[in-house]
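Residues per chain, in single letters:
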Amino acid sequence: MFVHHLSQVNQMGQDYSYSQPSSSSNSIDMSSLLEAEAKMYADEAESPYCNAEPDQFPPQPEADDGIPTACYCGAQPVVKCSYTPKDPYRRYFSCPNVDDGGCHIWKWWDVALTEELSEVQRHVRQLKDQAFECDQKMLKLQKTVCEVKKKSENTIVFALAVCVMVAAIVFIGLAAMYLSGRASK
């Protein structure tokens, strides 16, 4: 158990008191410490200040990068101008509901535009890469079509040649049968 010494200092009519643990007692009663801690948590749980639910805002990723399109409260951001000595006439995005005490968007205008342009550049690079890949696939497809067409032409020529040879063989066979039939008469 802690033994407290009270010291009082009087200065200019004020009473300044404080307490300090004693070093003479080395044994600590754990049950009384646990009871005190439990009582503290119980008092804290009953407090109206600790039971207030925190404000929950839906996630707004567009409010974090680039030009904000919506505040956390759902309002549309407006552009305002700074009149501080540090940032005179510098524009920024803010919420029209900023005075209600809630959490609202606030972002420098030039920072938002820089982020937005970086995102647009990234998107353009991505589209260029996709266009290049499409061009490569188109060239490969055209090459494949040409090869199939050549094979098809070669196949037609080959088939025609085979048909001519078969017809010639049939004609020679018929002619041989005709001549052998005439020779036997």
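Fair warning: this is a prediction, and the values are worked out from it, not measured in the lab. (Residues numbered from 1 in each chain as written. Predicted model: local features only at pLDDT ≥ 70, side-chain atom pairs only at ≥ 80, totals over all residues. Heavy atoms only, no water.)

Draft legend 1. Focus on the side chain of Lys-107. Along the chain, the position of Lys-107 falls in strand β5 (residues 106-108). Look at Lys-107 and you get buried, because its relative accessible area is 9%. In this structure the side chain of Lys-107 is engaged in a polar contact, spanning 2.3 Å, whose partner is the side chain of Glu-115. Sequence-distant contacts of Lys-107, defined by excluding residues within four places in its chain, comprise Asp-64, Asp-65, Gly-66, Pro-68, Tyr-92, Phe-93, Ala-112 and Glu-115. (Helix = DSSP H or I, 4+ residues; strand = E, 2+ residues; numbered from the N terminus. Buried < 20%, exposed > 50% of the residue type's maximum accessible area, 1.4 Å probe, protein only. Polar contact = N/O pair within 3.5 Å; in protein donor to acceptor, adjacent residues only side chain to side chain. Contact = heavy atoms within 4.5 Å.)

Draft legend 2. Quick look at the pattern of salt bridges. Considering all chains together, one arrives at 4 salt bridges under this definition. With a closest N to O distance of 3.5 Å, Arg-90 and Asp-87 form a salt bridge. Between Glu-115 and Lys-107 there is a salt bridge whose closest N-O contact spans 2.3 Å. It is possible to trace a salt-bridge network through shared partners that takes in Asp-87, Arg-90 and Asp-110. (Salt bridge = Lys/Arg side-chain N within 4 Å of Asp/Glu carboxyl O.)

Draft legend 3. Just unusual backbone geometry, in detail. One non-glycine residue with positive phi stands out, namely Tyr-89, at about 60 degrees. With respect to the secondary-structure elements, Tyr-89 resides in strand β4 (residues 88-94). Residue class for Tyr-89 comes out exposed when judged on its relative accessible area of 63%.

Draft legend 4. Expanded view of the environment of Pro-68. One can find Pro-68 in the loop between α1 (30-46) and β3 (78-83). For Pro-68, a relative accessible area of 5% corresponds to the buried category. Sequence separation between Pro-68 and Trp-106 is 38 residues; the distance between their C-alpha atoms is 9.0 Å.

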